Amino acid sequence: MLPSQRSQHALTMLLFTLSLNFPLTLSQMSGNPVIDGWYADPEARVYEGAYYIYPTVSTVFENQTYYEAFTSPDLLTWENVGRILDFADIPWTTNRAAWAPSVGHKDGTYYLYFSAGDGVGIGVASSPSPAGPFKDVLGEPLVAGTHFGAQAIDAMVFMDGEGPEGGDGSGKNWLYWGGWGHAVVAELGDDMVSFKSEFLEITPDEEYVEGPWMLKRRGVYYFMYSVGGWTDGTYGVKYMIADSPTGPFRGPAKKILSGDPAVGTGAGHHSVFHVGDDYYIAYHRRFPDDNERDHRVTCIDRMYFTADGEIEIVRITVEGVEGRQL
Ligand SMILES: *[C@@H]1O[C@H](CO)[C@@H](O)[C@H](O)[C@H]1NC(C)=O
């Protein structure tokens, strides 16, 4: 998909750099999208010295029946590691709606939380490697059906401890999920495949739609989520803050991600990762004027905080981010 656009872009950047007579070291940019093909709902993580992206394979609806993952050493080149989980191997789900996965870890095992069967539930699969392949653990959903009106999609595992990725699994681990305008959270059990708390509805009162993401920085909990309609230009990301992973969340909610008609529309369903104190946001968007339902591409841009800890509005770009080795 559009390799010509990408090489055109690389050439433009090169000429631009040379024309300014920069030193010989080119600071290479990733370009956006960072991976070729239709991929949505990207969850970016840093595991074992590499970057990972776990997206929805945004092919035609009837073929959204498996998960793939991508890995990169430098944010510039991304390798597709192949199918990491396939609904053909999971009898309890219908063969549809493999959406929005999330990967956490504990004690050397990686856990993939995944939407299954368009309402059947959220499952969990495990692997000794962040690159998979993952195997269904329970033989049934971890979260079955609808709770508090929340569609059983868009799981996000939040590891609330200290550690290189903002959590090494040894602290409290939480699973967030929910579409249809409702968000739910529960504390995961020590085995990562059960719950040790009740389900708690935590829907923020300001326009929550789907795609929850919990971020902790300097003791502040940022509950981020997608708003608007995913099929059109109203899609975006807002956040509220709290002193705990379960809220209560304080507003006013601030919208930090939106489309830009010159760059791409429908920007939303994001994740956040960081290298030291530098923060990055992964999200999907559409190409300007391409309104095909599943034509969504995965992008990464920088995310900045103000001195008093507010998340600044993200500037979405075609240039992407600077290459960076871990
Ligand atoms: C969807 O899957 C079917 C069956 O494997 C295949 O024939 C078809 O080409 C796929 N369509 C797309 C757009 O990938």
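Counting restarts for each chain, with residues numbered from 1 along the sequence as it is written. For this predicted model, a pLDDT threshold of at least 70 governs which residues receive local features, and a threshold of 80 or more governs which side-chain atom pairs are given and counted, while totals over whole chains, interfaces and linings are taken from all residues. With hydrogens and water set aside, each side-chain value is computed from the structure's full complement of heavy atoms.

1. Topic: the overall build of the chain
Secondary structure elements follow DSSP: runs of H or I of four or more residues count as helices, runs of E of two or more count as strands, with numbering from the N terminus. The number of helices and strands found in the chain is one helix and 20 strands. For the chain, the proportion of its 326 residues judged to be buried stands at 54%. Any pair of residues with heavy atoms lying within 4.5 Å of one another is described as a contacting pair. Summarising the internal contacts of the chain: among those between residues at least 6 apart in sequence, 51% fall at separations of at least 24. If you sum the accessible surface of the chain, you get close to 13600 Å²; carbon and sulfur atoms cover 52% of it. Only protein chains enter the calculation, and the probe is 1.4 Å; a residue is then buried if its accessible area is under 20% of its type maximum, exposed if over 50%, and partly exposed in between. To measure how exposed things are, a 1.4 Å probe is used in the Shrake-Rupley method; for residues, cover is taken only from the protein chains shown.

2. Focus: the pairing of strand 2 (residues 50-57)
Along strand 2, eight of the eight residues are buried, which leaves the element largely enclosed by surrounding structure. In short, DSSP must find at least two bridges between two strands for them to pair. Pairing geometry for strand 1 (residues 39-47) and strand 2, over seven bridges, is antiparallel. The partner of Ala-44 across the bridge, within strand 2, is Ile-53. The turn joining strand 1 and strand 2, which pair antiparallel and follow one another in sequence, is formed by two residues; a positive phi near 50 degrees is taken by Glu-48.

3. Digging into the pattern of salt bridges
Any two side chains of opposite charge can pair, on the condition that their charged atoms come close. Think of a salt bridge as a Lys or Arg side-chain nitrogen and an Asp or Glu carboxyl oxygen that are within 4 Å of each other. Summed over the entire model, instances satisfying the criterion amount to 15 salt bridges. Arg-45 is paired through a salt bridge with Glu-43; the nearest N and O atoms lie 2.7 Å apart. Of the two residues, Arg-45 and Glu-43, both sit in the buried class. Note that Lys-216 is salt-bridged to Asp-160, the shortest N-O span being 2.9 Å. With Lys-216 in strand 14 (residues 210-217) and Asp-160 in strand 10 (residues 156-160), the pair connects residues that are 56 residues apart, well separated along the chain. The exposure class assigned to Asp-160 is buried, which follows from its relative accessible area of 14%. Linked by salt bridges that have partners in common, Lys-172, Glu-187, Asp-190 and Lys-196 make up one network.

4. Brief notes about the site of the ligand
Here a residue is considered near a molecule or strand provided that any single heavy atom belonging to it is located within 4 Å of it. Near the ligand, the surroundings consist of Thr-59, Val-60 and Asn-63. The protein chains hide 24% of the 360 Å² of surface that the ligand would expose on its own.

5. Thoughts on the side chain of Thr-65
In this structure, Thr-65 sits in the loop between strand 2 and strand 3 (66-72). With residues up to four places along the chain from it excluded, the contact list for Thr-65 reads Asp-86, Phe-87, Asn-95, Arg-96 and Ala-98.

6. Structural notes on the environment of Lys-254
Here Lys-254 lies in strand 17 (residues 250-258). A relative accessible area of 22% means that Lys-254 is categorised as partly exposed. Expressed as a C-alpha distance, the spacing of Lys-254 and Glu-312, which sit 58 residues apart in the sequence, is 9.1 Å. With near-sequence residues (within four places) excluded, Lys-254 lies in contact with Val-237, Lys-238, Tyr-239, Glu-310, Ile-311, Glu-312 and Ile-313.

7. Here we look at the environment of Ser-197
Among the structural elements, Ser-197 can be located in the loop between strand 12 (184-187) and strand 13 (200-201). The spacing of Ser-197 and Val-185 is 12 residues in sequence and 9.2 Å in space, taken between C-alpha atoms. Polar contacts involving the side chain of Ser-197 include one to the main-chain amide nitrogen of Glu-187, which spans 2.9 Å. A 3.5 Å cut-off defines polar contacts: any pair of N or O atoms within that distance qualifies, except that in protein one atom must be a possible hydrogen donor and the other a possible acceptor, and neighbouring residues in sequence count only when both atoms are side-chain atoms.

8. Considering the sheet that holds strand 19 (residues 278-286)
Reading across from one edge, 18-19-20 is the order of the three strands in this open sheet, with antiparallel pairing throughout. Single-partner strands in this sheet number two, and they are strand 18 (265-275) and strand 20 (297-303). Each neighbouring strand pair of the sheet contributes to a mean axis angle of 25 degrees, computed without reference to strand direction. For strand 18 and strand 19, the ladder comprises seven bridges, and the chain directions are antiparallel. Within strand 19, the position partnered with Val-275 by the bridge is Asp-278. Throughout, an axis means a line fitted to C-alpha atoms (over the contacting stretch in the case of helices), and angles, computed between N-to-C directions, take values from 0 to 180 degrees.

9. Some points on the pairing of strand 20
Within strand 20, six of the seven residues are buried, which leaves it mostly tucked inside the rest of the structure. In the sheet, strand 19 pairs with strand 20 via seven bridges, with the strands oriented antiparallel. Bridging from a neighbouring strand, Arg-285 pairs with Val-297 of strand 20.

10. Description of the confidence of the model for the chain
Mean pLDDT over the chain works out to 91, with 90% of the residues at or above the 70 mark. This model gives residues 14-26 a pLDDT under 50, and the stretch forms three contacts once residues within four places in sequence are excluded. Note: pLDDT gives the predictor's confidence per residue, expressed from 0 to 100.

11. Let's talk about the packing of aromatic side chains
Aromatic pairs are defined between Phe, Tyr and Trp rings, using the six-membered ring for Trp, whenever the two ring centres lie within 6.5 Å; interplanar angles under 30 degrees are classed as stacked, those over 60 as edge-to-face, and all others as tilted. Applying the stated criterion across every chain, the model contains 24 aromatic pairs. With a centroid separation of 5.0 Å and 80 degrees between ring planes, the pair formed by Trp-177 and Phe-199 is classed as edge-to-face. Separated by 22 residues along the polypeptide, Trp-177 in strand 11 (residues 172-177) and Phe-199 in the loop between strand 12 and strand 13 bring together distant segments of the chain. What makes Trp-177 buried here is its relative accessible area of 0%.

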